[in-house]
Amino acid sequence: MSVHYVGVDGGGTKTRALVVDAQGREVARAEGGPAMADASAPQVAADAVEAVVRAALDSAGVALPVAALWAGLSGAGREASRSAVELDLARRGLSESVRVGTDVEAAFHDAFGDGPGVLLISGTGSIAWGRAEDGREGRVGGWGHHIGDEGSGYAIGLEALRRVVRDVDGRAPDTGLHEAVLAHLALDSVEDLVRWADSASKAEVASLAPVVAGVADGGDSVAGEILVEAVEDLQGHLLTILTNLGPWQEPPRLALGGGLLQPGGPLRDAMERVVTAYHLAPRDRPLDGARGAARLAMAAGGVNRPLPGESA
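What comes next is a walk through the structure. (Residues numbered from 1 in each chain as written. Predicted model: local features only at pLDDT ≥ 70, side-chain atom pairs only at ≥ 80, totals over all residues. Heavy atoms only, no water.)

### With respect to the overall build of the chain
Operational definition: The way it works is that DSSP assigns letters per residue, a run of H or I at least four long becomes a helix, a run of E at least two long becomes a strand, and they are numbered from the N terminus. Restricting the calculation to C-alpha atoms gives the radius of gyration, and the globule rule supplies 2.2 Å times the number of residues raised to the power 0.38. Note on exposure labels: buried denotes an accessible area under 20% of the residue type's maximum, exposed denotes more than 50%, and partly exposed covers the range between, all computed with a 1.4 Å probe on protein chains only. Working rule for contacts: check all heavy atoms of both residues, and any pair within 4.5 Å makes them a contact. Computed with the Shrake-Rupley method and a 1.4 Å probe, the accessible areas treat only the protein chains shown as cover for residues.
Assigned secondary structure in the chain consists of eleven helices and ten strands. Relative to the globule expectation of 20 Å for 312 residues, the C-alpha radius of gyration of the chain, 20 Å, shows essentially globular dimensions. Overall size of the chain, expressed as C-alpha extent along the three principal axes, is 70 × 45 × 30 Å. Put simply, the chain has 312 residues, and 52% of those count as buried. If you take every contact in the chain between residues at least 6 apart in sequence, the share linking residues at least 24 apart comes to 65%. When the accessible surface of the chain is totalled, it reaches about 14,100 Å², and 50% of it is carbon and sulfur.

Shown next, in the form of structure tokens:
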């Protein structure tokens with residue numbers, strides 16, 4: 001019987017699964033809806049993971065159970081949430097071995113494996129995660145949208161909503177965000193926008209970040225200021241984790257992840273200028289959290305090797 005491993009990368013907007021064989025060769029991929037770990041409703045994330053895993057396995061004709069499944073999920077940094085989702089998944093017969101960690105762990109493992117480096121993510125949320133040359137690990141940010149997530153899509157979207165209502169009040173300069181946000185959400189008035197915001201999810205608020213970037217590209221000073229503040233927040237994350245994990249004998253390798261920092265993302269160019277100023281060594285290969293999770297699944301199954309086409 002063939003041996004396969006599955007890595008899952010789940011966040012606030014989508015979930016991706018990657019199936020690899022015993023040699024680490026890619027067999028199939030699938031994509032589905034969001035998967036965020038929550039101790040109060042672990043079945044929600046488990047349902048999303050199961051759906052995308054089954055879709056990937058079905059497309060490849062691979063039978064259940066696989067040898068090992070490693071799922072990196074947003075929200076799994078809380079032990080109660082991680083263990084609850086892991087227990088739920090283990091009951092579903094998808095794999096002989098099931099492990100749940102964070103989506104940040106999966107992305108970091110894809111970028112650096114067991115070596116040193118710094119990962120800066122700005123997507124729906126934000127976080128900096130690093131491993132020093134002596135093995136020390138640390139994080140900055142990633143405290144959730146209520147008290148953290150500075151420089152994230154959510155933070156940008158929320159600030160855009162605030163600037164719109166200030167514009168309406170006359171407390172702030174006129175901004176094209178007013179019309180752009182209403183048009184994006186197909187709403188007629190700011191009163192409608194307030195009602196929308198009352199029930200909007202974190203991902204829905206974060207979806208306004210590209211709208212802000214588009215308005216900023218058109219020369220709007222208010223939208224531009226929001227993006228500048230986001231970059232300054234991320235720069236603060238980066239500087240702090242470099243300090244906390246230093247001193248460094250060599251310039252640390254850096255990986256940028258998340259929708260706002262991926263190639264072509266609205267904050268990418270600005271952060272690349274920061275990276276240059278700090279004399280860091282950026283990784284060129286795009287991050288793939290599902291690939292990192294697949295490597296972790298193989299390790300959980302007792303197989304430690306890089307996937308084809310990458311270094312250990």
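### Focus on the packing of aromatic side chains
Note the threshold: When the centres of two rings from Phe, Tyr and Trp lie within 6.5 Å, Trp using its six-membered ring, the rings pair. Their planes under 30 degrees apart give stacked, over 60 give edge-to-face, and anything left gives tilted. A ring is considered to have a charge above it if a Lys NZ or an Arg CZ atom is located within 6 Å of its centre and within 35 degrees of its normal.
As enumerated under the stated definition, the model contains one aromatic pair in all. Of note, Arg139 hangs over the ring of Trp143, and the distance from its end group to the ring centre comes to 3.9 Å.

### So, the sheet that holds strand E9 (residues 253–257)
Where we set the bar: Each pair of strands is called paired provided DSSP finds at least two bridges between the two strands. Between N-to-C directions, angles cover 0 to 180 degrees, with each direction set by a line fitted to C-alpha atoms, over the stretch in contact for helices.
An order of E8-E7-E6-E9-E10 is seen for the five strands of this open sheet, with the pairing classed as mixed. Of all strands in the sheet, those bounded by a partner on one side alone are strand E8 (137–141) and strand E10 (281–282). Relative to E8, strand E7 (residues 126–131) runs antiparallel, the two sharing five bridges. Of the residues in E8, the one forming a bridge with Ala128 is Val140. Contacts from helix H3 (residues 103–112) reach strand E6 (117–122), E7 and E9 within the one sheet, and its direction differs from that of E6 by about 135°.

### What about the sheet that holds strand E5 (residues 98–101)?
Spatial ordering of the open sheet is given by E3-E2-E1-E4-E5, a layout of five strands whose pairing is mixed. Two strands lie at the open edges of the sheet, namely strand E3 (26–32) and E5, each paired on one side alone. This sheet shows a mean twist of 15° between the axes of neighbouring strands, independent of strand direction. Those strands touched by helix H1 (residues 42–60) are strand E1 (4–10), strand E2 (15–21), E3 and strand E4 (68–73), and its axis lies near 140° from that of E3.

### Brief notes about the pairing of E1
The two faces of the sheet receive side chains in turn, since in a regular strand these alternate between them. Burial within E1 is extensive, with seven of its seven residues counted as buried. Residue alternation in E1 divides its side chains into two sets, His4, Val6, Val8 and Gly10 and Tyr5, Gly7 and Asp9, and both sets are buried. When E1 meets E2, the two strands line up antiparallel, connected through seven bridges. Across the sheet, residue Asp9 finds its bridge partner in E2, namely Arg16. Counting the residues in the hairpin turn of E1 and E2 gives four residues. Where E1 lies against E4, six bridges are found, and the strand directions are parallel. For Val6, the partnering residue across the bridge sits in E4 and is Leu69.

### With respect to the pattern of salt bridges
As a reminder, the rule being used: When a carboxyl oxygen of Asp or Glu is within 4 Å of a side-chain nitrogen of Lys or Arg, the pair counts as a salt bridge.
This model, assessed by the stated rule, comprises 23 salt bridges. Lys202 is the salt-bridge partner of Asp149, the closest N and O atoms lying 2.8 Å from each other. Placement of the pair is Asp149 in the loop between E8 and helix H4 (153–169) and Lys202 in helix H7 (residues 202–206), with a sequence separation of 53 residues. Assessed through its relative accessible area of 3%, Asp149 is described here as buried.

### Quick notes on the pairing of E3
Note that E2 and E3 share six bridges and pair antiparallel. Its bridge partner being in E3, Val20 is matched across the sheet by Glu26. The antiparallel pairing of E2 with E3 creates a hairpin that spans four residues between the two strands, and Gly24 there sits at a positive phi of about 85°.

### Considering the side chain of Ser81
Short version of the rule: N or O atoms within 3.5 Å of each other form a polar contact, as long as, within protein, one can give a hydrogen and the other can take it, and as long as residues adjacent in sequence are counted only when both atoms are side-chain atoms.
Within the secondary structure, Ser81 sits in helix H2 (residues 79–90). A polar contact of 3.1 Å, which involves the side chain of Ser81, links it to the backbone nitrogen of Ala39. With near-sequence residues (within four places) excluded, Ser81 lies in contact with Ala37, Asp38, Ala39 and Gly75.

### So, unusual backbone geometry
Cis geometry marks the peptide bond from Leu64 to Pro65, where omega comes out at -5°. Note on placement: Pro65 falls in the loop between H1 and E4. Geometrically, the link from Gly246 to Pro247 is a cis peptide bond, its omega value of 0° lying close to zero. Relative to the helices and strands, Pro247 resides in the loop between helix H9 (221–245) and E9. Even without being a glycine, Ala186 presents a positive backbone phi close to 55°. The phi dihedral of His279 is positive, around 60°, even though this residue is not glycine.

### Thoughts on the packing of H1 against H2
In a packed pair of helices, the relevant descriptors are the angle between the two axes and the axis-to-axis distance. Note the following rule: Roughly parallel refers to an angle under 35 degrees, roughly antiparallel to one over 145, roughly perpendicular to one between 65 and 115, and oblique to any angle outside these ranges. Each crossing gets its hand from how the near helix is turned against the far one by less than a right angle, where anticlockwise is left-handed and clockwise is right-handed. Gly is put with the polar residues, along with every residue not named as nonpolar or charged; the nonpolar set is Ala, Val, Leu, Ile, Met, Phe, Trp, Tyr, Cys and Pro, and the charged set is Asp, Glu, Lys and Arg.
Following both chains from N to C, one finds H1 and H2 inclined at 50°, their axes separated by 9 Å at the closest point. Between H1 and H2, the crossing angle belongs to the class labelled oblique. The two elements H1 and H2 cross, and the hand of that crossing is right-handed. Contact with H1, carried on its side by Pro42, Gln43, Ala45, Ala46 and Val49, involves Ala84, Val85, Asp88 and Leu89 of H2 and no other residues of that element. In terms of residue class, the contact of H1 with H2 is made up of seven nonpolar, one polar and one charged.

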